[in-house]
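Tertiary structure, described
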Amino acid sequence: MTAIETDTPSNKVKEDESTDLRKDREKKKRSRVKQLLADIAKQVDFWFGDVNLHKDRFLREQIEKTRDGYIDISLLASFNKMKKITTDSKLIARAVKNSSVVEINLSGTKIRRRFPLGEKPQDVDSRTVYVELLPKNVTHSWIERVFGKYGMVVYVSIPRYKSTGDPKGFAFIEFETQEQAAKAIEVLNNPPEEAPRKAGMFPKTVKNKHLPPVEVTEHSITEGCGTEEKKKK
């Protein structure tokens, strides 16, 4: 007599669990790739965007050296900020294929702005605030999170010591409008009376923890101030 194997309830459960695990892994992998592409696109769009390019002398010079505005994607892959995300030029090209800021050449090896860079805005100084007494471990994302409550932060400059790379304790923050910059100065230097903190302190960003006191004033931001955005190589 020939034995006939049949699926038992326990085998069926194991098979279903295996399928679910495989689907879950694939879902997480797609999510990671999607986030990676989004991070790449955000960084490239920032570099080629009006706000940064008006300040970024190095990148402007690289673009101006070419006849058609295209620069090698491999150059972007060599920048420190991009190295932290990826060094794969093909992945960078893939990430920005639908960008409204940049475009890729037919061979997928070069990149340029879609539109020429216009004149530098004349109101940059009035939209920029100067902040002192920042935490030693201050980051761009921290500043964007805190100051983003008062308007659209379009540019952050955190000067650093060349010898150590540590922040110098102050920063320049450019807002989208003058009104937003004024609001940040007003609120952060003059918190509401009912606020459980002293004047000059940032609003709480971590439960039950206060951040160090700061001084926020309107200030101009100029090229050559040693911003992280310029220290790419």
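Higher on the page you've got the structure.
Residues numbered from 1 in each chain as written. Predicted model: local features only at pLDDT ≥ 70, side-chain atom pairs only at ≥ 80, totals over all residues. Heavy atoms only, no water.

**Focus on helix α3 (residues 57-64)**
Buried within α3 are the following residues: Leu-59, Arg-60, Gln-62 and Ile-63. Looking straight down α3, one finds its buried side chains confined to an arc of 160°; they lie on one side. (Buried < 20%, exposed > 50% of the residue type's maximum accessible area, 1.4 Å probe, protein only. Helix = DSSP H or I, 4+ residues; strand = E, 2+ residues; numbered from the N terminus. Arc of directions from axis to C-beta.)

**Some details on the environment of Ile-104**
Secondary-structure assignment places Ile-104 in strand β2 (residues 102-104). Note on Ile-104: relative accessible area 22%, which makes it partly exposed. Separated by 34 residues in sequence, Ile-104 and Tyr-70 have C-alpha atoms that sit 8.3 Å apart. For Ile-104, the residues in contact, after removing those within four places along its chain, are Tyr-70, Ile-73, Ala-93, Val-96, Thr-109, Lys-110 and Ile-111. (Contact = heavy atoms within 4.5 Å.)

**Here we look at the environment of Thr-139**
Here Thr-139 is to be found in the loop between β4 (128-132) and α7 (140-147). Considered as a pair, Thr-139 and Val-156 are 17 residues apart in the sequence and their alpha carbons are 9.5 Å apart. Here the side chain of Thr-139 touches Trp-142 through a polar contact of 3.2 Å, landing on its backbone nitrogen. (Polar contact = N/O pair within 3.5 Å; in protein donor to acceptor, adjacent residues only side chain to side chain.)

**Observations concerning the sheet that holds strand β1 (residues 71-72)**
The strand order across the open sheet built from three strands is β1-β3-β2, with neighbouring strands paired in antiparallel fashion. Each of the sheet's edge strands pairs with one partner strand only, and the pair in question is β1 and β2. Of the pairings in the sheet, the one linking β2 to strand β3 (residues 110-113) comprises three bridges and is antiparallel in character. Its bridge partner being in β3, Glu-103 is matched across the sheet by Arg-112. (Pairing = 2+ DSSP bridges.)

**Topic: unusual backbone geometry**
Of note in this structure, Leu-133 is not a glycine but carries a positive phi near 55°. Along the chain, Leu-133 falls in the loop between β4 and α7. Given the relative accessible area of 53%, Leu-133 is considered exposed.

**Some details on the pattern of salt bridges**
Tallying each qualifying case throughout the model produces seven salt bridges. Among the salt bridges present, the one from Glu-103 reaches Arg-112, with a minimum N-O distance of 2.7 Å. Members of the salt-bridge network, linked through shared partners, are Lys-55, Asp-123, Arg-127 and Glu-174. (Salt bridge = Lys/Arg side-chain N within 4 Å of Asp/Glu carboxyl O.)

**Describing the pairing of strand β5 (residues 153-157)**
On any regular strand, side chains alternate: one points to one face of the sheet, the next to the other face. For β5, the tally of buried residues reaches four of five residues, placing the bulk of the element in the interior. In terms of strand pairing, β5 meets strand β6 (residues 171-175) through four bridges, oriented antiparallel. By the bridge assignment for β6, Val-156 is matched with Ile-173.

**Considerations on the nonpolar core**
Counting 22 residues, the largest nonpolar core has Val-44, Phe-48, Leu-76 and Ile-111 as its most contacted members. Elements supplying a minimum of two residues to this core: α1 (9-48), α3, α4 (73-77) and α6 (89-95). One finds Val-156, Phe-175, Ala-181 and Leu-188 within the second-largest nonpolar core, a separate group that totals 20 residues. (Core = buried A, V, L, I, M, F, W, Y, C linked by side-chain atoms within 4.5 Å.)

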